[in-house]
Amino acid sequence: MSTTVVPNAQKSSITMDPVFDELGFPKDPNNLYLQTVATMLHAAEVLDLRHRVKIILAQPKNEIMVHFPVRMDDGHHKLFKGYRVQHNNALGPYKGGLRFHETVHLDDVKSLALLMTMKCSLVRVPFGGGKGGVKVNPREHSAAEMERITRRFCSAIMNMIGPEHDIPAPDVGTNAQHMAWFADTYIMSNESKEANAGIRVVTGKPVEFGGSLGREKATGQGVVDTLVELLPEVGIKVNGMRVSILGYGNVGSWAGRILYDMGAKIVAVADHTGAIHNENGLDAHALAEHCAAKGGVKGFAADAISNDEFYRTKVDVLIPAALEQMITDREAKMIDAKVVVEGANAPTTPAGDRIFNERGIEVIPAILANAGGVTVSYFEWVQNKTSTYWDIEQVDRELNRHMVMAARRTVLARQRYKVDLRTAAYIGALDHIGKAYAVRGIFP
Ligand code: NAD
């Protein structure tokens, strides 16, 4: 099939598939949703995926937008905007995190939901893709206000989600406590003898309330499992490996701590409060404690550096684990790393990706590298459903098996189709979904 290239998109390294015209997409090359769909369609083209599957996957099945009022501590009410996007459920219930952040908006949530569909398919967990969020800055609210926001958001979308239909989880700005409030609200509002089945409406819960051992560190652990599987391809050993990390929240700090315990040297870390450096290696555990107490890396006993100096730090591996679109062509030109492992979702823009390709920097894409979180979420859901609980060894072993198989699937696709790892990972995911649609057919 032929493709056209729009002038702006060429500047941003996006090839416009005819599907964009067919579905009437606005052509803003900086739009994250356009970028995400373009990446998916490029892989679909290489794979020769059927047109009907391409158009289904290019748009989410459902886009839910809600507004809800919440009482603040001082007695006044504030109106919040929330989203839940259900991208695809061909392989199982919709699954994906809830983000609480002041920049949350529809197109980003749509992109993240699409990435979830790809991720679940690539690691072969029987879930589809979804994502949600509330436009709120959690740092501006007390714990009591956050609890009311979470509960009221749950009640606003409750009729459109469910333990066998759509299962949220933590993401940026949410954690196990938010999931506990969410599940409690859902259970209390759905009175029946099977009410406790409602506990499966979210994953990433506290261990005391149906959570799985190993879920909190799962995404970071999966980043490390993937990296360890693929490092021999680039001739790097973990022991003594130099690492920099962008974002030291759940994903970044767990990846950092696990790699540190394996003998890697974490030489630079940056987040929204600043950037720090220590040539001899930062203590990853002490830094995680500092971030939890102080809200960021600023003030940790290390050299403060600028963001540009952070990107220029010579490392073997850079782990972006913050937000989307942080590595543009500007940052990609500065980065002095052999491998970039995407702990965050969509951290690299297409223009950044092009620079990495030109410079021979290997990128392990998000849909592979950060799929550990949803994989252990699936284990949590299975444990809740069967009322049996796994020990940490079983969780880690099963997680490693899923990550290693997904990494091998990706490498095989790269060899077979002679593409970069990102395209190969999408091919690994799309092949599975394409086969499901081929046997299911399209209703009616
Ligand atoms: P988090 O809220 O725990 O941490 C986010 C981190 O990003 C913090 O360190 C914050 O300081 C940093 N950050 C925010 N804005 C920044 C900026 N402008 N510059 C530099 N740093 C900034 O979130 P998380 O759960 O660790 O998620 C991080 C990424 O990983 C997101 O893309 C998320 O979608 C993805 N992800 C998370 C999970 C999970 O299980 N939590 C699973 C898969 C993917």
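Positions within a chain are numbered from 1, following the residues in the order the chain's sequence is written. Two thresholds apply to this predicted model, a pLDDT of at least 70 for residue-level local features and 80 or more for giving and counting side-chain atom pairs, whereas whole-chain, interface and lining totals are computed over all residues. The side-chain figures draw on all heavy atoms in the structure; neither hydrogens nor water molecules are used.

Caption draft 1: Representation of the environment of Leu23 in the model. As for its position among the elements, Leu23 is in the loop between helix H2 (18-22) and helix H3 (32-47). In the structure, Leu23 is positioned 295 residues away from Leu318 in sequence and 37 Å away in space, judged by C-alpha atoms. What counts as a helix is a DSSP run of H or I of at least four residues, what counts as a strand is a run of E of at least two, and both are numbered from the N terminus.

Caption draft 2: Geometry of the domain arrangement of the protein. When cut into domains, the protein gives domain 1 (1-60 + 419-444), domain 2 (62-203) and domain 3 (218-364). Note on contacts: a residue pair qualifies if any of its non-hydrogen atoms lie within 4.5 Å across the two residues. At the junction of the two partners, domain 1 supplies 12 residues and domain 3 supplies 15 residues. By convention, the term buried area covers the 1.4 Å-probe accessible surface removed from two parts as they join, with the contributions of both added. Roughly 930 Å² is buried in total at the junction of domain 1 and domain 3, and carbon and sulfur atoms are behind 48% of that figure. A pair is scored as a salt bridge if a Lys or Arg side-chain nitrogen falls within 4 Å of a carboxyl oxygen belonging to Asp or Glu. Our count for the domain 1 to domain 3 interface comes out at 2 salt bridges. Among the salt bridges present, the one from Glu342 reaches Arg422, with a minimum N-O distance of 2.8 Å. Each polar contact in these results corresponds to two N or O atoms within 3.5 Å; when the atoms are within protein, one needs to be able to donate a hydrogen and the other to accept it, and residues that are neighboring in sequence are counted only if both atoms are side-chain atoms. Linking domain 1 with domain 3 are 4 residue pairs in polar contact (both at pLDDT 80 or more), by the criterion used here. Contributions of two or more residues to the side of domain 1 that touches domain 3 are made by helix H1 (7-11), H3 and helix H17 (421-440). For the side of domain 1 that touches domain 3, the class distribution of residues is 3 nonpolar, 6 polar and 3 charged. Just so you know, the domain bounds were taken from an automatic or database domain assignment. Polar here means any residue outside two lists: the nonpolar Ala, Val, Leu, Ile, Met, Phe, Trp, Tyr, Cys and Pro, and the charged Asp, Glu, Lys and Arg; Gly therefore counts as polar.

Caption draft 3: Quick look at the site of the ligand. For this purpose, a residue is taken to be near a molecule or strand whenever a single non-hydrogen atom of the residue falls within 4 Å of it. Around the ligand, a shell composed of 21 residues is seen, among which Asp171, Thr219, Tyr248, His272 and Asn345 lie nearest. Contact distances for the ligand include 2.7 Å between an oxygen atom and a side-chain N or O atom of Asp171. Between an oxygen atom of the ligand and a main-chain N or O atom of Tyr248, the distance comes to 2.9 Å. Across the complex, the protein chains shield 84% of the 830 Å² of accessible surface that the ligand would expose by itself. Here the residues of the shell around the ligand are counted per class, giving 8 nonpolar, 9 polar and 4 charged. Residue-level mapping places the shell around the ligand at the junction of two domains, with at least three residues from each of domain 2 (62-203) and domain 3 (218-364). Accessible areas in this description were obtained via Shrake-Rupley with a 1.4 Å probe; residue shielding takes into account the shown protein chains only.

Caption draft 4: How the structure looks around the packing of aromatic side chains. Two aromatic rings, drawn from Phe, Tyr or Trp (for Trp, its six-membered ring), form a pair once their centres lie within 6.5 Å of each other, and the interplanar angle then sorts them: stacked below 30 degrees, edge-to-face above 60, tilted otherwise. Applying the stated criterion across every chain yields a total of 10 aromatic pairs. Centre to centre, the rings of Phe25 and Tyr33 are 5.8 Å apart; their planes meet at 10 degrees, and the pair counts as stacked. For the pair Phe25 and Tyr33, one class covers both residues: buried. Residues Tyr378 and Phe379 carry aromatic rings whose centres are separated by 6.2 Å and whose planes lie at 50 degrees to one another, so their mutual orientation is tilted. Each residue's exposure class comes from its accessible area (1.4 Å probe, protein chains only) as a fraction of the maximum for that residue type: buried when under 20%, exposed when over 50%, partly exposed otherwise.

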